[in-house]
Amino acid sequence: MRFSIMFRLVMIFFGVIIIPVAVITFLSMWINLSRLGENLQAASGNSLRNAQDILVEHLQQSENIAELLAGAGEIKEKLGRPEDLAEDLRFILNEKHEMWFTAIVELFDLNRRRIIRSYAQGTDAAAFFSEFDDPIVSACIENLEKRSDYFLFPGGPAIKAAVPVVDSQRLEVLGVVVVAFPLNVQLLQVIKKRIQAEVTVQYDRAGDVVSTIQNPDGSEIRRLWPGGVADVGAIDKGGVRRREYIGRVNYATAYAGLTDREARPLGIISTAVNSEAIEQSKRDTLGIILVSSLCILALAMTMGYLTANSFTRPIYQMVRAIQSMSEGNLTERVSIPKNDEIGDLGRAFNEMAAQLAKSQDSLRKANEHLLQVDRLKDEFLANTSHELRTPLNGIIGIAESLMDGAAGKLLPAQRDNLEMVVSSGKRLANLVNDILDFSRLRNRELQLRRQVTDIRGVAEIVVAISRPLIGRKPVLVTCRFPEDLPMADADENRLQQILLNLIGNAIKFTHKGEISISAVREGEEIRVRVADTGIGIPPEKRERIFESFEQADGSTAREYGGTGLGLAITRHLVELHGGSIRVESQGGEGSVFSFTLPVAGEAAGAELGAAVDDAAGPAEAGEWTEGTESTQGTESTQVTESTEGTEDAPMSSRSGVDALLVDAPAAGGGPVETILIV
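As the structure is a computational prediction, the values presented were derived from the model and not from experiment.

Caption draft 1: Summary view of the overall build of the protein chain. Broken down by element type, the protein chain carries 13 helices and 20 strands. Expressed as a percentage of its 678 residues, the buried residues of the protein chain come to 41%. For the protein chain, restricting intrachain contacts to residue pairs at least 6 apart in sequence, the fraction spanning at least 24 positions comes to 64%.

As structure tokens, this is what we get:
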């Protein structure tokens, strides 16, 4: 999958900035919220300890109030005179009522009979009244000592203190002052104000609860601690802290047991710190973080896009400019008004484009000049070749006529000189013909005269013509063609030229060994092979040999001669026939040149084959003369060999027959053609 540079830069910006910021933010939030929760639980525990301290203060306060009243002279005086005792004591207690406010004050005489009771009006205090058989009253009268503790009344737990009223002069007990602080809602509200937390007391009677917390409908809450007071042992001495919902509100609570001085469980006291504010703070914090994260994300994406765009826009401009230049528009330039590295890159690109345009213009002018020079060269070669061909043919003709005795009998030295003239003239004529063919091929002026052609016959003629090139070299030339080889659709003269070039090269570069010419059908094509055991071609030179004026290397041209046009012309001629040519060779191991020609139509090929067979006469029956060998079977083989020490003479002067001339009607009923069968 391919991603643009801009996308990758934005992602890098996102990964480097946003992800760390988000991780740090969430970790900070998690740590802060964890600390808030811990602080909340600690605050709940502190509130519970403060509530317990306040209860201890009320316990001490109840003793202080009782001692104060027990030591008051007017109370002692009234207790010493029983007449109108109740009214007088009520008046005295009412005057001192501000001292205890929520407390219940009771006076008992020596007979444990309650004389007077004072408490705040409007409170449910009856459930906390003391009776004559109250153990604390009896213990106080009997032991003459003050007593204070937590007690469980029908109305719930309460703090109670009892102090005997003693006549210090007569050293006799006059009565008992009892002060009680009920642990009711009024007292818990006082504690709540001081500790800034909800307070709840759960006592043992059916799990009743006294609490400053109410349900949303205004009803009282029920049991908080699941096991009630019976399960107070499950509460550690240090208390229990937890988070829970009470009346649909989330609290951080702390629980502790409420016991008397003898460690008897009376109830459970708990404090609850409202954590709704913290929960709301959590939600608000999460909302703020979410909104902030989205804003930061949008800002980061925008900044990342702008940053990436500032880098990629000039690059995209240069990419478009390069694409335009690749299409040939070298006037394309980029505009990057920056003073940084990208601006330097843009200016360097413009300078490069200007230099490239200048170089291309120079190259175009040079190419035009070279094309003009090349055209003049081709015209010069063609014109020169035309001018040379006529006098060369005249020289060759005159020399051959002199060799035939037109001017009388020749001396051996004269004949040798004339043969050298003829040979050199023919070489020059072939060179002129190659140059003319090459010029026509370059200008696409060469036209083929395609017809049904017998490759075997053409090959045997070429072998016969090329035989004098072997000279004294021990080289064996063989032709191997299957009997059922089909006819080719080719220009016979050009096919002969192709074979002359390939076989001539094979003879030229083979000092000894064998040269084999063969053909085989491959589908709708015929592949012709010319193999030799010559000097071979190095692998790095194989492609170059088919180029114009090229040979394997310079030393080859110096040693063997030639212009390097033969194989170039051969390749063009093969390609004009719709075929291909290739070479297989290793240096010093010989070469194999092979090319393909299209197969001629079956009807035309059969007609020409029949004409040749009829004209051959007894030669097809194996009646070959000296120097020619025919075998009955799938292949016909022609062998031409030169041995060391044999004088190379013209074919006309050799003894024996090297070729058979056969008059055969041309295909399609045309004029009679003369065919040379080697």
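Moving on, there is more to tell.
Caption draft 2: Examining helix H5 (residues 185-195) more closely. Every buried residue of H5 is accounted for by Leu-187, Leu-188, Ile-191 and Ile-195. One face of H5 carries all of its buried residues, which in axial projection span an arc of 95°. Backbone geometry just after H5 places Gln-196 at a positive phi near 55°.

Caption draft 3: Representation of the pattern of salt bridges in the model. The full count for this structure, using the stated rule, is 17 salt bridges. With its nearest N and O atoms 2.7 Å apart, the salt bridge here joins Asp-260 to Arg-264. We classify Arg-264 as partly exposed; its relative accessible area is 46%. The salt bridge involving Arg-264 is made with Glu-262; its shortest N-O contact spans 3.5 Å.

Caption draft 4: A look at the sheet that holds strand E10 (residues 265-274). Spatially, E7-E6-E10-E9-E8 is the arrangement adopted by the five strands of the open sheet, whose pairing is antiparallel. Two strands close off the open sheet at either side, each with one partner strand: strand E7 (209-211) and strand E8 (240-246). The mean angle between the axes of side-by-side strands here comes to 25°, regardless of whether they run parallel or antiparallel. Across nine bridges, strand E9 (residues 249-259) lies against E10 in antiparallel orientation. When the sheet's bridge partners are listed, Ala-254 is paired in E10 with Thr-271. Against the sheet, H5 touches strand E6 (198-203), E7 and E10, its axis set at about 140° to E6.

Caption draft 5: Layout of the confidence of the model for the protein chain. A residue-level look at the protein chain finds 75% of positions with pLDDT of 70 or above and a mean pLDDT of 75. Note that residues 607-678 has pLDDT below 50 and, in this model, 121 contacts with residues that lie over four places away or in other chains.

Caption draft 6: Representation of unusual backbone geometry. Phi at Leu-144 takes a positive value of approximately 55°, unusual for a residue other than glycine. Here Leu-144 shows up in the loop between helix H4 (135-143) and strand E3 (147-153).

Caption draft 7: Focus on the sheet that holds E3. With antiparallel pairing, five strands are arranged side by side in an open sheet as E2-E1-E5-E4-E3. Because the sheet does not close on itself, it has two edges, and the strands there are strand E2 (114-118) and E3. On average, each strand axis in the sheet is inclined to that of its neighbour by 20°, with strand direction left out of account. One ladder, built from six bridges, connects strand E1 (residues 104-109) with strand E5 (residues 172-182); its direction is antiparallel.

Caption draft 8: Representation of the pairing of E1 in the model. A large share of E1 lies buried, amounting to six of its six residues. Taking every second residue as pointing to the same face, both faces of E1 are buried, with Ile-104, Glu-106 and Phe-108 on one and Val-105, Leu-107 and Asp-109 on the other. Sheet topology places E1 next to E2; four bridges connect them, and they run antiparallel. Looking across to E2, one finds that Glu-106 is bridged to Arg-117. Hairpin geometry of E1 and E2 is characterised by an intervening segment of four residues between the two adjacent antiparallel strands and by a positive phi of about 65° at Arg-112.

Caption draft 9: Region of the structure containing the packing of helix H10 (residues 492-508) against helix H12 (residues 566-576). One way to put it is that H10 packs onto H12 with a least axis distance of 10 Å and a crossing angle of 145°. Between H10 and H12 lies a crossing whose hand is left-handed. Mapping the contact onto sequence places Arg-494, Gln-497, Ile-498, Asn-501, Leu-502 and Asn-505 in H10 and Gly-566, Leu-567, Ile-569, Thr-570, Leu-573 and Val-574 in H12. Across the contact of H10 with H12, the residue classes tally to six nonpolar, five polar and one charged.

Caption draft 10: Geometry of the environment of Val-163. The residue Val-163 is located in strand E4 (residues 156-167) in this model. Taking the relative accessible area as the measure of exposure, Val-163 reaches 9% and is therefore buried. Along the primary structure Val-163 and Cys-140 are separated by 23 residues, whereas in three dimensions their C-alpha atoms are 6.6 Å apart. Discounting residues that sit within four places of it in the chain, Val-163 has contacts with Glu-63, Ala-66, Glu-67, Ala-70, Cys-140, Lys-146, Gly-175, Val-176 and Val-177.

Cut-offs applied
- Residues numbered from 1 in each chain as written.
- Predicted model: local features only at pLDDT ≥ 70, side-chain atom pairs only at ≥ 80, totals over all residues.
- Heavy atoms only, no water.
- Helix = DSSP H or I, 4+ residues; strand = E, 2+ residues; numbered from the N terminus.
- Buried < 20%, exposed > 50% of the residue type's maximum accessible area, 1.4 Å probe, protein only.
- Contact = heavy atoms within 4.5 Å.
- Arc of directions from axis to C-beta.
- Salt bridge = Lys/Arg side-chain N within 4 Å of Asp/Glu carboxyl O.
- Pairing = 2+ DSSP bridges.
- Axes fitted to C-alpha atoms, helices over the stretch in contact; angles between N-to-C directions.
- pLDDT = per-residue confidence, 0-100.
- Left-handed = near helix turned anticlockwise from the far one by under 90°.
- Nonpolar A, V, L, I, M, F, W, Y, C, P; charged D, E, K, R; others polar.

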